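A look at the structure
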2 protein chains.
Amino acid sequence: MDKKLSTEAYKGVRDFYPEDMAIQSYIFNSWQKTAELFGFERYEASILEPADLYKSKGTANEEIVTEQTYSFIDRGEREVTLRPEMTPTVARMVAGRQRTLRFPLRWYSIPNLFRYERPQRGRLREHWQLNCDIFGADDYIADVEIISLACQILIDFGATPDMFEVKINNRSDMSTYYDSIGIKDVSKQTKITRLNDRFRKISSEEYLSELENILGDRQIAEVVQSKVSTSVNPVDNEVISGLKALGITNVKIDYSLARGFDYYTDTIFEIFDISGENNRSLLGGGRYSNLTSMFTDKKISGTGFGMGDVTMKDFLFTHKLIPSSIQNTTAKVVIIPTDEKLNLEATMVAQAIRKRGISVSTDIGTKKIGKKIAEAVDRGITYSIVVGTDEINSSKFTLKNLVLSTEIKGNIHDILTYLIANQ
Amino acid sequence: MDKKLSTEAYKGVRDFYPEDMAIQSYIFNSWQKTAELFGFERYEASILEPADLYKSKGTANEEIVTEQTYSFIDRGEREVTLRPEMTPTVARMVAGRQRTLRFPLRWYSIPNLFRYERPQRGRLREHWQLNCDIFGADDYIADVEIISLACQILIDFGATPDMFEVKINNRSDMSTYYDSIGIKDVSKQTKITRLNDRFRKISSEEYLSELENILGDRQIAEVVQSKVSTSVNPVDNEVISGLKALGITNVKIDYSLARGFDYYTDTIFEIFDISGENNRSLLGGGRYSNLTSMFTDKKISGTGFGMGDVTMKDFLFTHKLIPSSIQNTTAKVVIIPTDEKLNLEATMVAQAIRKRGISVSTDIGTKKIGKKIAEAVDRGITYSIVVGTDEINSSKFTLKNLVLSTEIKGNIHDILTYLIANQ
């Protein structure tokens, strides 16, 4: 006997069997529908990108570039990376056609992304992410609209506003605040932002101690900690006011909100499941004053967010928002020959029905008819037609409704008329 | 000035701008629709696979494994490959659940695949491929059905049978033939099959000379060459008879047809564009008696094909089968504020219309109104609503039809009623 290979997928990635794919398609289709309702156009790109794209300053956070990418040298000595996020790719595409594109752009995509990290709840080595961006709109209303799109996506899955909360912060405001208490060194500010990104993951002692290390002063560290611990809802924030005008009120300012990526410059936001079941944010995003600086001197600002499929699915399951009617894409009708010799005739009946746009499977396996019908029921197929010698000779068929246990008899024309009328 | 990065994509892969994505989505949606019409269920998997999957005998052809894969060592010392084809992956998935899956399976997927080769017409380093397979059906009718599905996919794009031709061969029959003329050595037979795979790419002198090298006999080489050069339509081939019963007659036997992969055992087929514009086959496939031997001792036979997006698109363009109505997914209505101060009000109007399921974009850029309307026309947006102080104060809006140059005036309720009635 040969040694057999394992049938496991590569570590940290998923196989999508038809029942998994049905859920994945449900999520992707809903994302697509809501994004297009907001006038967003779809783009995509390859997962392979030149590694330089992630090495440039201001593109990604350090952790991702140095420790978490899948990078390798190709046979032509080029360094290639499996994209860990979509933003550098879309920045490259927008910069590449900056002269001919008509701004503001509303673009979305559903790329798969790769991160080399220990698989854990809500985080895998490969995941898919809805990315929505408005490019070339400086006004805060673009932030309002992008956040309202993010909320509408959850609502369109059947979520209600009490299930989630939008947390908002503003990097520029935080910088002004740090300045005001004497922390004027930009690199120190950046270090605080990166520490804040871990604020909810570490203890308050740890946080304070690391902050003191950055600032070299315990007293100022305590002032910053007190500020960052605040979650408020001030009336003078224009993004929050704008959202309120659109009826979106489950919004809070959270000064600890930092976002991992360095390119955000102003408003940043995340949306959290408030059930307590899912600690990671459902999505996050923000405004960048210039995303394309590594490609061009022309400034292109924008605002956008990314939303992962794994956390999305966890949220839907937690709140029982996956409709029970989701099932594999399966045929409406199955044709079951009584004997292998009639497989061709069964296929001809199938073809006649498919010509009318109705999906048909044939079960040409060698199991017994009763077993085949039981399996058709399990698969969610609505109708069966058994094809035997009698049916062929008489040109009369019986169409069984497997759900209602009813049946009609007739020639192929009668069957087609019935199926079309009962679609 | 900083040194700027190139905005080019990685060599041999494609960026899909919205207008490219529109065509890609058109192709994928049509593939999906026809596959599901035939009762096929969708599965997918990650592009990352353990490299061992492609090293096992009988899985892929030598060229692909040794020269054409993207393989690298991950940080955990695992050898990983970007899948060059989907068959080993689906074999792994089927073998992994062989006890619970209900055969025969009808499965399809649209994976992206990677090959490290020189980019050329119809061949890129990354392409997408429709894969359709019937697993667990030994009868030749499964071959007939899979070929009829392949033909129907072309027909559903608007192709007519005179635009393409199905070429069929049978590995088992070829083996019987080689036996009959004294070539009984299986490794010699495999070498001939691999040489035949290049039959149309090399000169007949080269072919004969390489064949003589394999066989060590010029006379027998000439006999084989004469057989392989034959393209016939014998009446006793059951697959061809079955296709004829389904009305598919653009089919020929071609003894040179070889297919690159070693796992095929019986019927093999390819479909060619007969315009002469595209030399590569549009799709290819065949029957395998046991695809899962590297994972399990249980034999799982099947039949299937793969069809690439690049050759598909070339075919559609050659035969002018891309409908002129294809355009970017774009909004139905654009809201244009007359002043930045009215951006929020414009967004509120947009929200009211979106609530009725109609897609709306807002143009909050800083261009002049005339320019914004001209761009909306270019984008294929049907309606515009300009929102200025007068409109806000009077609560009366003008909905312009940008295609017909007509307009209606009314409050938001009137506009909604009109839009819903004219969807």
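Now for a look at the structure at hand. Computed from a prediction, not measured in an experiment: that's the story for all the values here.

Description of the overall build of chain A
Scanning chain A for helices and strands turns up 14 helices and 18 strands. Relative to a compact globule of 423 residues, whose C-alpha radius of gyration would be 22 Å, chain A shows 28 Å and is clearly more extended. Considering only C-alpha atoms, chain A reaches an extent of 95 × 55 × 50 Å along its principal axes. In chain A, which comprises 423 residues, the proportion classed as buried is 57%.

Points about the interface of chain B and chain A
Taken residue by residue, the interface counts 99 residues in chain B and 99 residues in chain A. When the buried area of chain B at its contact with chain A is split by residue, B:Y17, B:R75 and B:R102 rank highest and sum to 8% of it. Here chain B is connected to chain A by 48 residue pairs in polar contact (both at pLDDT 80 or more). In terms of residue count, the dominant contributor to the side of chain B that touches chain A is helix α11 (residues 343-354) of chain B (six residues). Residue composition of the side of chain B that touches chain A, grouped by class: 43 nonpolar, 23 polar and 33 charged.

Some words on the pairing of strand β12 (residues 283-288) of chain A
Residue and element names in this part refer to chain A. Counted residue by residue, β12 has six buried out of six residues, so it is predominantly covered. Bridge count for strand β11 (residues 267-273) against β12 is four bridges, and the pairing is antiparallel. Within β12, the residue paired with E270 across the bridge is G284. Pairing geometry for β12 and strand β13 (residues 302-308), over six bridges, is antiparallel. For G286, the partnering residue across the bridge sits in β13 and is G304.

Here's the deal with the sheet that holds strand β3 (residues 70-73) of chain B
Residues and elements named next belong to chain B. One open sheet holds the three strands; their spatial order is β2-β4-β3, and the pairing between them is antiparallel. With partners counted over all chains shown, the strands left at the sheet margins are β2 (48-50) and β3, one partner each. Direction aside, the axes of adjacent strands within the sheet are offset by 35 degrees on average. As paired strands, β2 and strand β4 (residues 79-82) are joined by three bridges and run antiparallel to one another. Residue pairing for β4: P50 is matched across the bridge by V80.

What to know about the environment of B:T34
All names here are of chain B. By secondary structure assignment, the location of T34 is in helix α1 (residues 18-37). Here T34 falls in the buried class, since its relative accessible area comes to 2%. Distance from T34 to I155, taken between C-alpha atoms, is 9.8 Å for residues 121 residues apart in sequence. Non-local contacts of T34, meaning those with residues more than four positions away in its chain, are made with L149, Q152, I153 and D156.

Topic: the relation of the copies chain B and chain A
When chain B is fitted to chain A, the residual RMSD is 0.0 Å, and the transformation amounts to a turn of 180 degrees plus an axial shift of 0.0 Å. Accordingly, the operation relating the two chain copies is best matched by a two-fold axis. Across chain B, the rotation axis passes nearest the C-alpha of B:F72, at a separation of 3.2 Å. Of the residues that chain B buries at the interface, 100% are likewise interface residues in chain A, meaning the two copies contact each other through the same surface.

Topic: the pairing of β11(A)
Residues and elements named next belong to chain A. Among the seven residues in β11, seven count as buried, and that is most of the element. A two-sided burial pattern is seen for β11, the buried positions comprising T267, F269, I271 and D273 on one face and I268, E270 and F272 on the other. For strand β8 (residues 164-170) and β11, the ladder comprises seven bridges, and the chain directions are antiparallel. Bridging from a neighbouring strand, K167 pairs with E270 of β11.

Considering the pattern of salt bridges
Enumeration over the complete set of coordinates arrives at 38 salt bridges over all chains. The salt bridge partner of A:E44 is A:R42, with a shortest N-O separation of 3.0 Å. Residue B:K367 pairs with B:E375 through a salt bridge whose shortest N-O separation is 2.9 Å. Judged by its relative accessible area of 31%, B:K367 is partly exposed. Assessed through its relative accessible area of 6%, B:E375 is described here as buried.

A look at the environment of B:R42
Residues and elements named next belong to chain B. Position of R42 relative to the elements: it lies in strand β1 (residues 41-42). Judged by relative accessible area, R42 falls into the buried class, the value being 18%. A sequence separation of 263 residues divides R42 from F305, and the C-alpha atoms of the two residues are 15 Å apart. Polar side-chain contacts of R42 include one of 3.0 Å to the side chain of E44.

Reading guide: rules and limits
Residues numbered from 1 in each chain as written. Chains lettered and ligands numbered in written order. Predicted model: local features only at pLDDT ≥ 70, side-chain atom pairs only at ≥ 80, totals over all residues. Heavy atoms only, no water. Helix = DSSP H or I, 4+ residues; strand = E, 2+ residues; numbered from the N terminus. Rg over C-alpha atoms; globule rule 2.2 N^0.38 Å. Buried < 20%, exposed > 50% of the residue type's maximum accessible area, 1.4 Å probe, protein only. Contact = heavy atoms within 4.5 Å. Buried area = accessible area lost by both parts, 1.4 Å probe. Polar contact = N/O pair within 3.5 Å; in protein donor to acceptor, adjacent residues only side chain to side chain. Nonpolar A, V, L, I, M, F, W, Y, C, P; charged D, E, K, R; others polar. Pairing = 2+ DSSP bridges. Axes fitted to C-alpha atoms, helices over the stretch in contact; angles between N-to-C directions. Least-squares fit on C-alpha atoms with pLDDT ≥ 70 in both. Salt bridge = Lys/Arg side-chain N within 4 Å of Asp/Glu carboxyl O.

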